[in-house]
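Reading the structure
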Amino acid sequence: MEQKWWHGKVAYQIYPKSFCDSNGDGVGDLRGIISKLDYLQALGVDIVWLSPIYPSPFIDQGYDIADYVNIAPVFGNLDDFDELVAEAKKRNIDIVMDLVANHCSSEHEWFKKACADLNSEEAGYFYFVKGKDGKVPNNLRSYFGGSVWEPVPGHEGEDIYYSHYFAKAQPDLNWNNPKLREQVFNLVNFWIDRGVKGFRVDAILSIVKDLSFPDLPADDTDGMCHAAKMNAKLLDRIGPYLTELRDKTFKRANCFTVGEVLTVTTDSVSKFAGPDGYFSTLFDLSCREKIEAFPHYREYPTLSPDDFAECVFNTQELYQKVDAFVAPIIENHDEPRGVSYYMPEYLQNQVGAKTIATVLMFLRGIPFIYQGQEIGMTNTKFASIDEFDDIFAKSEYQDLIEHGYSDAEAVACCARHGRDNARTPMLWDDSDNAGFTTGKPWLRVHQDYKTLNVKSQFGVPGSTFSYYQQLIKLRKSEEYGPIFTYGRFDRLNIAKGVIAYTRSCDKCHQKIVIIANTNQEELRYSLGDQAANAKVLISANSAVLCADGTVVLGCGGAIVVAL
Ligand code: NOJ
């Protein structure tokens, strides 16, 4: 594989609203992030992705952008941003922005001008479509519930609708229009010229639309079909848009890009993230895909460690087959905390945080760590729907109630699957509001902040934070870094509840085995003949390699052995 500057790096996602608040308004900001750059450097990460920081009404927490070339006042201003990029650079950290170009905010001046004059240039930036037979143009259901169609504001009763695959306040941009595409390329280049080294590309599959706006077979009793199913159908039409985007923006600055892309196939993986792909890499969202195959929380299955491993391993094999690069994750701002979602109940704690971290950090590709994961943050305990802020959780709550769930059942369901789990403030110390803010935090603070926080773990041997530091160091080490980045991946079937795989390199005669035991029963596994020169590279939760070449892993034990 041709080497790229970002191969071998470890990335970290910041959710700016919840990272660190420097001015006491209860919302995180850029100066707060600047104040924590030393922390990120100490952790050992090289790339930091910032979820959106642009001006926004925050209907969908900034994924509804009202101005693409500015900073939301609540986060700071462009000078703060320039300082952040420069200060990060001093610490060998590159900043990656969130590129949300499937839709903008209904507060964006493009949308306002478009609604004010249906013949304006801006009207062509959106999908303004006539209804069919007195109804909306098709039966697609938006990601947040309800039809993807809404009457164009100011033109109610005129049988003209705009498309929004997400919230009503997020009108879809019309990528079919070259003028709109040019606008998008310009804004990407604006940030490249300001020093960002790449982009995380949001909801990109949704940009292709079938302009005849057909119905799809209903997938629920509401007669509608989830918009994601239309994306899957149109996947092979996206190429020209993404090639143009790459060539007119990312390519000129050798950017690192990571796509939020679900529904990948062997063919599309190679086109999206192969050596000549539209993007540098794609997130491994296979677990989410498995869960979101169901249109509502109420049908979401729970995933066992084996389900988790099955998803992750399938992805590893898929990408390896076509020489593509993947970005493994266990959580992000759209998902519950990985340790609470994929680990059994008895491992939803600091022990399990290290178990799952060991599995994640040696996979092929570029691992992403989500803020708080490095201290083992678990799901937040939400007691009432009023404690949620997320538009998705609120709409799902409504759906659950309409389907006969009691309030307590509906809240429990939102608490299990909700996106706010991972969006609660970062836990810095045991002071009020976990040291996140001196004001009133915009979202409730995690219940365990008194004991679960950075201060109690930083520099403390055996803590989850220290373990992450060691994992990252090993992952990037001169001796083993290349095998973790480029080496062959093979799954290892040991037993139910045991997640194991190898990384190997024929040329350099290296083989590394990674084993994690999520069962309560102890695991004894012989490494066989290969164990003669075996060396433990790292281990967690008292896992050991015995002199006879057997590894012994108690509940949550994890070990990485070079053979
Ligand atoms: C994916 C983002 O990660 C999510 O937070 C957002 O709600 C949707 N895309 C819409 O932008």
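Attention in this report is confined to the structure presented alongside it. (Residues numbered from 1 in each chain as written. Predicted model: local features only at pLDDT ≥ 70, side-chain atom pairs only at ≥ 80, totals over all residues. Heavy atoms only, no water.)

1. Some details on the packing of aromatic side chains
The way to describe two aromatic rings as a pair is by their centre distance and the angle between their planes. To be explicit about the condition: In this scheme Phe, Tyr and Trp rings, the latter by its six-membered ring, pair at centre separations within 6.5 Å, and the angle between planes marks the pair as stacked below 30 degrees, edge-to-face above 60, and tilted otherwise. Secondary structure follows DSSP: runs of H or I at least 4 residues long count as helices, runs of E at least 2 residues long count as strands, and numbering of each begins at the N terminus. Relative accessibility decides the category of a residue: with a 1.4 Å probe and only protein chains considered, values under 20% of the type maximum give buried, values over 50% give exposed, and everything between is partly exposed. For a ring to carry a charge above it, either NZ of a lysine or CZ of an arginine must fall within 6 Å of the ring centroid while also lying within 35 degrees of the normal to the ring plane.
Under the definition given, this model contains 42 aromatic pairs. On the basis of an interplanar angle of 65° and a centroid distance of 5.7 Å, the ring pair of Phe144 and Phe166 is categorised as edge-to-face. Here Phe144, found in the loop between strand S5 (140-141) and strand S6 (149-151), pairs with Phe166, found in the loop between strand S7 (160-163) and helix H5 (178-193); they are 22 residues apart in sequence, far enough to count as distant. Taken as a pair, Phe144 and Phe166 share a single burial class, namely buried. An aromatic cluster of at least three residues, connected via ring pairs, comprises Tyr54, Tyr68, Phe81, Trp110, Tyr125, Phe190 and Trp191. For Lys17, the ring lying beneath its charged end belongs to Trp442, and the centroid distance is 3.9 Å.

2. Quick word on the sheet that holds S6
Strand pairing in a sheet is mediated by backbone hydrogen bonds. Such pairs are either parallel or antiparallel. The criterion, for reference: Note: two strands are recorded as paired if DSSP finds a minimum of 2 bridges between them. Axes, fitted as lines to C-alpha atoms, cover a helix only where it is in contact. Angles between the N-to-C directions of the axes lie from 0 to 180 degrees.
Taken in spatial order, the three strands line up as S4-S7-S6 in an open sheet, and their pairing is antiparallel. With partners counted over all chains shown, the strands left at the sheet margins are strand S4 (128-130) and S6, one partner each. Recorded for the sheet is a direction-independent mean angle of 45° between the axes of neighbouring strands. Note: S6 against S7, three bridges, orientation antiparallel. When the sheet's bridge partners are listed, Trp149 is paired in S7 with Ser163.

3. Brief notes about the sheet that holds strand S3 (residues 94-99)
Ordered by their spatial adjacency, eight strands build an open sheet running S12-S11-S10-S8-S3-S2-S1-S13, and the pairing between neighbours is parallel. Looking along the sheet, the strands with just one partner apiece sit at the ends: strand S12 (326-327) and strand S13 (368-370). Relative to strand S8 (residues 198-201), S3 is paired through four bridges, and the arrangement is parallel. By the bridge assignment, Val96 is partnered in S8 with Gly198.

4. So, the site of the ligand
Heads up, the condition is: Neighbouring residues are identified by heavy atoms, a residue being near a molecule or strand if any of them is within 4 Å of it. In protein, a polar contact requires one atom able to donate a hydrogen and another able to accept it; more generally it is a pair of N or O atoms within 3.5 Å, and residues adjacent in sequence count only if both atoms are side-chain atoms. Accessible surface area values rest on a Shrake-Rupley calculation with a 1.4 Å probe, where residue burial reflects the displayed protein chains alone. A 1.4 Å probe that fits into a set of points on a 1 Å grid over the protein atoms alone but cannot get out defines a cavity; an open set with protein on both sides within 12 Å along at least five of seven lines defines a pocket, and lining residues are those with an atom within 4 Å of a point. Think of it this way: if more than half of a molecule's atoms are within 2 Å of a pocket's grid points, that molecule is in the pocket or cavity. Under the scheme applied, nonpolar residues are Ala, Val, Leu, Ile, Met, Phe, Trp, Tyr, Cys and Pro; charged residues are Asp, Glu, Lys and Arg; polar residues are all the others, including Gly.
Asp60, Tyr63, His103, Phe144, Phe166, Arg200, Asp202, Glu260, His333, Asp334, Arg419 and Arg423 make up every residue found near the ligand. One of the side-chain nitrogen or oxygen atoms of His333 is found 2.7 Å away from an oxygen atom of the ligand. Taken by itself the ligand offers 300 Å² of open surface, and the protein chains cover 98% of this. Using a 2 Å cut-off from the grid points, one finds that the ligand occupies the largest pocket. Grouping the constituent residues of the shell around the ligand by class yields three nonpolar, two polar and seven charged.

5. As for the nonpolar core
Which entries qualify depends on this criterion: In plain words, nonpolar cores are sets of buried Ala, Val, Leu, Ile, Met, Phe, Trp, Tyr and Cys residues tied together by side-chain atoms within 4.5 Å.
Ranked by internal contacts, the top residues of the largest apolar core, which has 189 residues, are Tyr12 and Phe199. Formed by 13 residues, the second largest nonpolar core is a distinct cluster that contains Ala500, Leu527, Ala531 and Ala543.

6. Here we look at the pairing of strand S16 (residues 510-517)
Where burial is concerned, most of S16 is hidden: six out of the eight residues are buried. Summarising the sheet, strand S15 (residues 498-505) and S16 pair through eight bridges and their orientation is antiparallel. Paired with Ile499 across the two strands is Ala516, which belongs to S16. Once S15 ends, the chain turns through four residues before running back antiparallel as S16, passing His509 with a positive phi of about 50°. Pairing geometry for S16 and strand S21 (residues 558-562), over five bridges, is antiparallel.

7. Overview of the environment of His417
Applied cut-off: Contacts are assigned to residue pairs that have any heavy atoms within 4.5 Å of one another.
With respect to the helices, strands and loops of the structure, His417 is situated in helix H14 (residues 407-417). Residue His417 is classed as buried on the basis of its relative accessible area of 7%. For the pair His417 and Thr302, spaced 115 residues apart in sequence, the C-alpha to C-alpha distance is 9.4 Å. Excluding residues within four positions of it along the chain, His417 makes contact with Tyr297, Tyr300, Pro301, Pro336 and Tyr341.

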